[in-house]
Amino acid sequence: MYGLNGVLAITLLKKILHKFTFLRSLKTRIFLLLLIVGLIPCVSMRYAILQNYEQRAVSIRTSDITTQLRILANHLITYHYLQDTSSEVINAEINQLSTLYDGRVMVINSDLRIVKDTYGISENKTIISEEVLRCAKGESASKYDRDNGYIEMTIPITETVASGELEDAQRETEIVRGVMLVSASTDSIMATLDALSRQALIIEAIVILAIVVASVMAARVLIRPFEKITLALDNAQEGYTNDPICVNDCIETEHIGDAFNRVLGRMKVLDDSRQEFVSNVSHELKTPITSMKVLADSLISQKDAPIELYQEFMEDIAAEVEREDKIITDLLALVKMDRTVADMNITEMDINVLVELIMRRLRPIAQKKDVELVYESVRPVTAAVDEVKITLVLSNLVENAIKYNREHGWVKVTLDADHQFFTVTVADSGIGIPADSLDHIYERFYRVDKSRSREIGGTGLGLAIARNAVLMHHGSINAESTEGEGTVFTVKIPLSYIGG
Ligand SMILES: Nc1ncnc2c1ncn2[C@@H]1O[C@H](COP(=O)(O)OP(=O)(O)OP(=O)(O)O)[C@@H](O)[C@H]1O
Ligand SMILES: [Mg+2]
């Protein structure tokens, strides 16, 4: 229940914070928080001190009056005042008491008749009130009436008499002969309380002012590092500086700066790779065209070139056109995969059949290069995959394994699976990939040995396409290689496709 209330309260607070724009400022929040934290003890202290003073003052006044009244009660008995109120001494004493406490003293006898009233208005009247009746039984009482500003007290007038017979002569009994009803003003206490309260208010106002000033200053100081970092970010965004953002005022801003520098770094890498990609694309697209132009120009310049030369050059031109076509097809495949996963066309299929088909298609190329192509299937595997994309992955890997192989070499493709993934490994006995190139082979247009790769043919897009296709299946691709000995590519794909 409390948990629910707490959640509701937090939601409400969040809504309020959101509604009032000024409350969304961290500076305002810090200021308000410090103000509240400072104000609460200040105000509650004033309240507690004043209340404590009032209670103590009233209790001291009550006990003072009680002492005085007890003395007076003894005198009343001694002077038989309840029977005869003419005693000058007692009357003076009673009047003095009433003046001293700025109040009213009434003496009531055992018949509940008022024998003396310092106000002189109720004498000889009978008084029947709960307090008086209780007091007549020996119970004294006091009551503080804050609203009307007085303390009302009832004190029994008792006489001590010896009781019992001879053997019991020592025993004494208190007999209530009358009651004294006194109301004493608390105006003086209130006056002191007012004065104290005024002083406390002044002190409080000064403290509040100090807290406000301190809160404003603290809020400013605390917020300054964040303002600095905002300025630094603005400067970076407007391109005034390429320096890393560094605001070391506090750990939090240091972290923000570090995080932002990392983002900037990554953006720079992306930007660089985009620029490199564009220049690579233009270069790759221009190369076949340049070759074609050279071939055509040389034919044009030779007026009576033999038909055989035409034949040969036209074959070269056709090869270049084919190369251009492959580059464009590969680029389109990459762009398509860069887009979204929405284009995935997932079907449940027999992976063994798929791999066998790819192997059959590539066998003539392998034979041409005198490379032995071996396929080993550990178990039957069916999985939900995009057939076109997985075909792209595996044919690129097997193609590479054939292309970058040695004479009389071999390529071994293995298919295995566990309950979650199927794994295809493509191992070859080829030239291998140097360790420092292993991290780069998936980059677009990256080729280990440019001149050699050029001789072999290729654009450096195959592995980029393969990796993208694998990632779209939420799988992984890894390569291990020893230069001069061979390379093993391992592709791991989930058996069932996880969308998103
Ligand atoms: N099995 C392998 N053995 C040795 N080197 C390899 C192997 N596979 C890839 N490489 C190296 O990685 C580079 C990138 O391969 P990738 O398939 O991306 O491009 P490519 O084969 O050069 O061109 P294409 O776009 O036609 O596939 C290759 O140029 C080659 O240097
Ligand atoms: Mg390739």
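Residues numbered from 1 in each chain as written. Chains lettered and ligands numbered in written order. Predicted model: local features only at pLDDT ≥ 70, side-chain atom pairs only at ≥ 80, totals over all residues. Heavy atoms only, no water.

With respect to the overall build of the protein chain
- Of the regular secondary structure elements, the protein chain holds 11 helices and 12 strands.
- A globule of 500 residues ought to have a C-alpha radius of gyration of about 23 Å, yet the protein chain, at 52 Å, is considerably larger.
- With the C-alpha coordinates aligned to their principal axes, the bounding extent of the protein chain is approximately 165 × 60 × 35 Å.
- Out of the 500 residues belonging to the protein chain, those deemed buried represent 35%.
- Here the contacts in the protein chain between residues at least 6 apart in sequence split such that 64% fall between residues at least 24 apart.
- For the protein chain, the exposed area adds up to about 30,900 Å²; of that, 57% sits on carbon and sulfur atoms.
- Across the protein chain, 52 positive and 70 negative side-chain charges occur, with their mean positions spaced 4 Å apart. (Helix = DSSP H or I, 4+ residues; strand = E, 2+ residues; numbered from the N terminus. Rg over C-alpha atoms; globule rule 2.2 N^0.38 Å. Buried < 20%, exposed > 50% of the residue type's maximum accessible area, 1.4 Å probe, protein only. Contact = heavy atoms within 4.5 Å. Areas by Shrake-Rupley, 256 points an atom, 1.4 Å probe, with all protein chains shown as cover. Lys, Arg positive; Asp, Glu negative; His and termini not counted. Charge placed at Lys NZ, Arg CZ, Asp CG, Glu CD.)

Points about the sheet that holds strand β11 (residues 476-482)
- In spatial order, the strands read β7-β9-β10-β12-β11; together these 5 strands make up an open sheet with mixed pairing. Only two strands of the sheet have a single neighbouring strand rather than two, namely β7 (372-377) and β11. Sheet twist, expressed as the mean angle between neighbouring strand axes with direction ignored, is 10°.
- Here strand β9 (residues 410-417) runs beside strand β10 (residues 421-428); their pairing, made up of 7 bridges, is antiparallel. Looking across to β10, one finds that V411 is bridged to D428.
- On the sheet, helix α8 (residues 351-368) packs against β7, β9 and β10 and is oriented at approximately 175° with respect to β7. (Pairing = 2+ DSSP bridges. Axes fitted to C-alpha atoms, helices over the stretch in contact; angles between N-to-C directions.)

Things to note about the pattern of salt bridges
- For the structure shown, the criterion picks out 11 salt bridges.
- As a salt-bridge pair, K27 and E227 come within 3.6 Å of each other at their nearest N and O atoms. With a gap of 200 residues between them, K27 in helix α2 (residues 26-78) and E227 in helix α5 (residues 187-238) connect regions that are remote in the sequence.
- The partly exposed category is assigned to E227, whose relative accessible area is 43%.
- Several salt bridges share partner residues, and in doing so they unite E130, R134 and E139 into one network. (Salt bridge = Lys/Arg side-chain N within 4 Å of Asp/Glu carboxyl O.)

Side note on the packing of α2 against α5
- At a minimum axis distance of 8 Å, the contact between α2 and α5 shows a crossing angle of 165°. When the axis of α2 is compared with that of α5, the two are roughly antiparallel. In the crossing of α2 with α5, the sense of the turn from one axis to the other is right-handed.
- When the residues that make up the contact of α2 with α5 are grouped by side-chain class, the tally is 27 nonpolar, 5 polar and 6 charged. (Parallel < 35°, antiparallel > 145°, perpendicular 65-115°, else oblique. Left-handed = near helix turned anticlockwise from the far one by under 90°. Nonpolar A, V, L, I, M, F, W, Y, C, P; charged D, E, K, R; others polar.)

Examining a negative patch on the surface
- Taken together, the side chains of E276, D436, D439, E443 and E483 define an acidic patch exposed on the protein surface.
- Take D436: it is sitting in the loop between β10 and α10 (450-456). (Patch = residues over 30% accessible without salt bridge, like charges linked within 9 Å, V, L, I, M, F, W, Y side chains within 5 Å.)

Quick word on the domain arrangement of the protein chain
- Split into domains, the protein chain comes out as domain 1 (83-188), domain 2 (244-338) and domain 3 (340-494).
- Using only C-alpha atoms to locate each centre, domain 2 and domain 3 end up separated by 23 Å.
- At the interface, 16 residues of domain 2 touch 16 residues of domain 3.
- In this assembly, domain 2 packs against domain 3 so that about 1,500 Å² is buried in total across both faces, 61% of it on carbon and sulfur atoms.
- Of all residues in domain 2, R323, L334 and M337 give up the largest surface area on contact with domain 3, accounting jointly for 40% of the area buried on that side.
- Summed over the shared surface of domain 2 and domain 3, the number is 0 salt bridges.
- For the pair domain 2 and domain 3, the number of links is 0 residue pairs in polar contact (both at pLDDT 80 or more).
- Residue assignment for the side of domain 2 that touches domain 3 shows that the elements contributing at least two residues are α6 (251-301) and α7 (307-339). (Domains from an automatic or database assignment. Buried area = accessible area lost by both parts, 1.4 Å probe. Polar contact = N/O pair within 3.5 Å; in protein donor to acceptor, adjacent residues only side chain to side chain.)

Some thoughts on the sheet that holds strand β3 (residues 141-145)
- As summarised here, the arrangement of the 5 strands in space is β2-β1-β5-β4-β3, forming an open sheet in which the pairing is antiparallel. Of all the strands in the sheet, just β2 (114-117) and β3 have a single pairing partner and so form its edges. This sheet shows a mean twist of 20° between the axes of neighbouring strands, independent of strand direction.
- Two strands pair when backbone bridges link them, and strand β1 (residues 103-109) and β2 are joined in this way by 3 bridges, in the antiparallel orientation. Its bridge partner lying in β2, I108 is registered against I114.
- Running over the sheet, α2 touches β1, β3, β4 (150-162) and β5 (172-185) and is turned about 35° from β4.
- Of the strands in this sheet, β1 and β2 are in contact with helix α3 (residues 88-100), which crosses β1 at around 140°.

Quick look at the nonpolar core
- Counting 54 residues, the largest nonpolar core has I351, F422 and F489 as its most contacted members.
- When we break this core down by domain, the ones giving at least three residues each are domain 2 (244-338) and domain 3 (340-494). (Core = buried A, V, L, I, M, F, W, Y, C linked by side-chain atoms within 4.5 Å.)

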